[in-house]
Each structure stands twice: as structure tokens, then as C-alpha cells.
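Summary of structural features
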Amino acid sequence: LGIVGVAILWIYTNLITVVIGVVGWVSYVFIYDYVKRHSVYGTIVGAIPGATPPVAGYTAVTGTIDAAAIILFLILFTWQMPHFYAIALFRTKEYAAAHIPTLPIVKGIYKTKLQMLLFAMSFGIASVLLYSFNYAGLFYVLCMIIVSSIWVYIIYSGFSETNTNKWAKKVFGFSLLILVIFCLLMFIEFLFR
């Protein structure tokens, strides 16, 4: 499938997109697959190939890596961390049984919540960069500031929450909603810009 995928990218897109596709595929199949079973940093390593598809889509159309491509990468990279740490929190028993060293297992719940908060704040900053670099308008940035702030608040509230599983599922659910809102806002920007 990897060879077929690269061939399709080679035929229908450009060299930059092919390179991004190969980097995403290699980093996921070979690097992430190893690191997730041997290091607490598996989630961070896995966020790299997880953030490459929108960048590849962008470069397939534009043929270049510019500030927008880098910002898209940062948005998706920072979004994934609270999203997957939330999963690691409410699936701790399963990860422990599989001997996968996730952050909650190795470093504890408090440090995981702190990382989630820092990455959610970074997501908010990264999503505003599209406006700062004139890739998105005022409606987009206001909406993203609102939803990012809500996400940061939900995560921050977890420091006083006693039911970690329930809270982590709430963070996870909102992470899905915020990604859908982001995509819809990008679509609206495309239609009306």
C-alpha cells in the first residue's frame, strides 16, 4: 500500500508532496511503531506523521511549503497531543496490559494533564497564526479563539476533577468537535475569501 500510495502521489501531484508522503509513511511505520512500545515519547513521535496529511494536501495543490503549510502542521501536531493523551488516560488499563509506556503510566496523571494543557494552549496559538499570516479572516480567528479557550478551560478544570476517566472522555469528545469546527471554518474561508 505504501508503494502504491507513493506511486499515486508521484503521478498526480509533485515532488514535495511525494517527499512529505514518504516522510509521513516511514516515520509512522518504522519510527513510531518502534517508539510507541519502548518510550513515553511515542505520542509525540506519532503526532509527526499524524500531522503530515493536511500538509501533503496543501502542497499537492500549491506545489510549495510556505508559512501556511507549516502552520497547518503545527495546528494538527498540537491538536493531537491532548486528544491522544485523553485516550491514554481513559484507556490506561489497556495500555498497561499491552505494556505500552504512555505518559500517564510512566509520568503520572498530573504531568499528563499539564502536558495536555500546554499543548491545548499551543493549539490555540497555532490556529490564530493562520489569521496573523493572512490565510484566514476575522470570523475564523474569533471562532477559533472561542473554541480553543473552551478546550483550554475544559482541560484546566481537570486539575480539580476527581473522576479522571469521565473528564478525559470529555476532553476527547471536545477534541473531535474542535477539529470538525476547524475544518468547517477552513471550508467557509475558502468559499467566502
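Residues numbered from 1 in each chain as written. Predicted model: local features only at pLDDT ≥ 70, side-chain atom pairs only at ≥ 80, totals over all residues. Heavy atoms only, no water.

What about helix H9 (residues 164-192)?
Here H9 spans 41 Å end to end across 29 residues, near enough to the 42 Å set by a 1.5 Å rise per residue. Burial in H9 covers these residues: Thr164, Trp167, Ala168, Val171, Phe174, Ser175, Ile178, Phe182, Leu185 and Glu189. (Helix = DSSP H or I, 4+ residues; strand = E, 2+ residues; numbered from the N terminus. Expected span 1.5 Å × (residues − 1). Buried < 20%, exposed > 50% of the residue type's maximum accessible area, 1.4 Å probe, protein only.)

Notes on the environment of Trp167
Counting through the fold element by element, Trp167 comes out in helix H9. With 51 residues separating them along the chain, Trp167 and Met116 place their C-alpha atoms 12 Å apart. Beyond its immediate chain neighbours, meaning those up to four positions away, Trp167 contacts Leu89, Lys113, Met116, Ile154, Ile155, Ser157, Gly158 and Glu161. (Contact = heavy atoms within 4.5 Å.)

What to know about the side chain of Asn14
Positionally, Asn14 belongs in the loop between helix H1 (2-12) and helix H2 (15-38). Within the structure, Asn14 has its side chain in polar contact with the side chain of Thr17 (distance 2.8 Å). Within the structure, the side chain of Asn14 is placed 2.9 Å from the backbone oxygen of Thr59, a separation counted as a polar contact. Setting aside residues up to four positions removed in sequence, Asn14 forms contacts with Leu9, Thr59, Ala60 and Gly63. (Polar contact = N/O pair within 3.5 Å; in protein donor to acceptor, adjacent residues only side chain to side chain.)

Some thoughts on the nonpolar core
Among the nonpolar cores identified, the biggest contains 46 residues, and Ile75, Tyr140 and Trp151 are the most heavily contacted of them. Elements that contribute at least two residues to this core include exactly helix H3 (42-62), helix H4 (67-90), helix H7 (109-132), helix H8 (138-157) and H9. When residues in this core are grouped by element, the largest group, 14 residues, is from H4. Not counting chain neighbours up to four residues away, the residues in contact with Tyr140 comprise Ile75, Ser127, Leu130, Tyr131, Phe182, Leu185, Met186 and Glu189. (Core = buried A, V, L, I, M, F, W, Y, C linked by side-chain atoms within 4.5 Å.)

That is the geometry; function is a separate question.
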